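Examination of the molecular architecture
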Amino acid sequence: LQALYQDMQSSDPAARFKAAGTIQADEQFLKCPETAQRLLAQPALERREIDGRYASGEGYEGWGEWYASLLSAAWNLWKDKLIPEAFRVSADASYNPGSRFARDLGARAGRFVKELIPLTTVDGEEVRKYTRENATALVGYALVADQQGVAPLSSLDRAALVQAIATAAFDKAYGVRWAAVDGMRLAGGEWAIPVLEKVRTREPSLHPSGMDPVSRRTFEEQISAAIEAVRSRAAMR
């Protein structure tokens, strides 16, 4: 097992993939206390590799399936004993913001507001927009869990998340704005109406000429759906 841990730090991706796969396939290896910490550290290493390849234009073919498997293994070991570090690593990972993983993570996000908020505004290389998009989606899921009483928020944390999603609605990245609008559709209170109205007014100015009109129209429909959802919730109270 120690040899496998060493191989997971190899500069050769194939060696890392093979070692981690061997560990994931062995229940006794997974039960070893050190394995949980090792698998928690590994996604950050792979994410740096993926980000570097993305920035250089090299591509990262072959990483996707491996990365998803690694993230899943780490999550399964940590989800029931989540600590701030494990939440931050999971939230900062690369994943589909609408996935089951994202929803499970978002349902627990209310306990880690201090770790989540900075990820909604992180800037830097182009690929980091996906961190903001994912983190914004988690904010929406955390607000849903709060409304449902699954993971109640303190008034201060709730206010911080509301501010974060309202700010994200005007992010420079389209995907982040979409995640913010969808979050307000799922859990926005009456505070969301003026935000969504402003997004709808401002949105046309954010698109370069020639942008796919179908995508633009779809987003406008999403904004309208969010406004209607917020109004319907307000009417039921």
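Look up: the structure comes first, before these words.
What comes next is a walk through the structure. (Residues numbered from 1 in each chain as written. Predicted model: local features only at pLDDT ≥ 70, side-chain atom pairs only at ≥ 80, totals over all residues. Heavy atoms only, no water.)

Section: the packing of helix H2 (residues 13-24) against helix H4 (residues 33-56)
- Interhelical geometry of H2 versus H4 gives an angle of 150° and a closest axis separation of 12 Å. Between H2 and H4, the angle falls in the class roughly antiparallel. Crossing handedness for the pair H2 and H4: left-handed. Along its contact with H2, which presents Arg16, Phe17 and Ile23, the element H4 presents Thr35, Gln42, Leu45, Glu46 and Glu49.
- Of the residues that constitute the contact of H2 with H4, the class distribution is three nonpolar, two polar and three charged. (Axes fitted to C-alpha atoms, helices over the stretch in contact; angles between N-to-C directions. Helix = DSSP H or I, 4+ residues; strand = E, 2+ residues; numbered from the N terminus. Parallel < 35°, antiparallel > 145°, perpendicular 65-115°, else oblique. Left-handed = near helix turned anticlockwise from the far one by under 90°. Contact = heavy atoms within 4.5 Å. Nonpolar A, V, L, I, M, F, W, Y, C, P; charged D, E, K, R; others polar.)

Thoughts on the layout of surface pockets
- A volume near 170 Å³ is recorded for the second largest pocket.
- Taken together, 13 residues form the lining of the second largest pocket, with Pro97, Ala137, Tyr141, Trp178 and Asp182 sitting closest to its centre.
- Mapped onto the lining of the second largest pocket, the elements with two or more residues apiece are helix H9 (129-147) and helix H11 (174-187).
- No other element matches the six residues that H11 contributes to the lining of the second largest pocket.
- Looking at the lining of the second largest pocket, its residues break down into six nonpolar, four polar and three charged. (1 Å grid on protein atoms, 1.4 Å probe; cavity = no way out; pocket = protein on both sides within 12 Å on 5 of 7 lines; lining within 4 Å. Points joined across faces, edges and corners; volume = space filled by probe spheres on them.)

Things to note about the nonpolar core
- One finds Phe87, Tyr95, Leu105, Leu116, Leu138, Leu161 and Leu196 to be the most contacted residues of the largest nonpolar core, which totals 66 residues.
- A total of nine residues in this core trace back to one element, the largest contributor, which is helix H5 (residues 63-78).
- For Leu196, the contacting residues outside a window of four places in its chain are Val181, Met184, Ile223, Ala226, Ile227 and Val230. (Core = buried A, V, L, I, M, F, W, Y, C linked by side-chain atoms within 4.5 Å. Buried < 20%, exposed > 50% of the residue type's maximum accessible area, 1.4 Å probe, protein only.)

A word on the pattern of salt bridges
- Per the stated rule, a full pass over the model turns up 15 salt bridges.
- Between Arg16 and Glu46 there is a salt bridge whose closest N-O contact spans 2.6 Å. Of this pair, Arg16 sits in helix H2 while Glu46 sits in helix H4; the two residues are 30 residues apart in sequence, bridging distant segments of the chain.
- Residue Arg16 is classed as buried on the basis of its relative accessible area of 1%. (Salt bridge = Lys/Arg side-chain N within 4 Å of Asp/Glu carboxyl O.)

As far as function goes, none of this settles anything; it's purely spatial.
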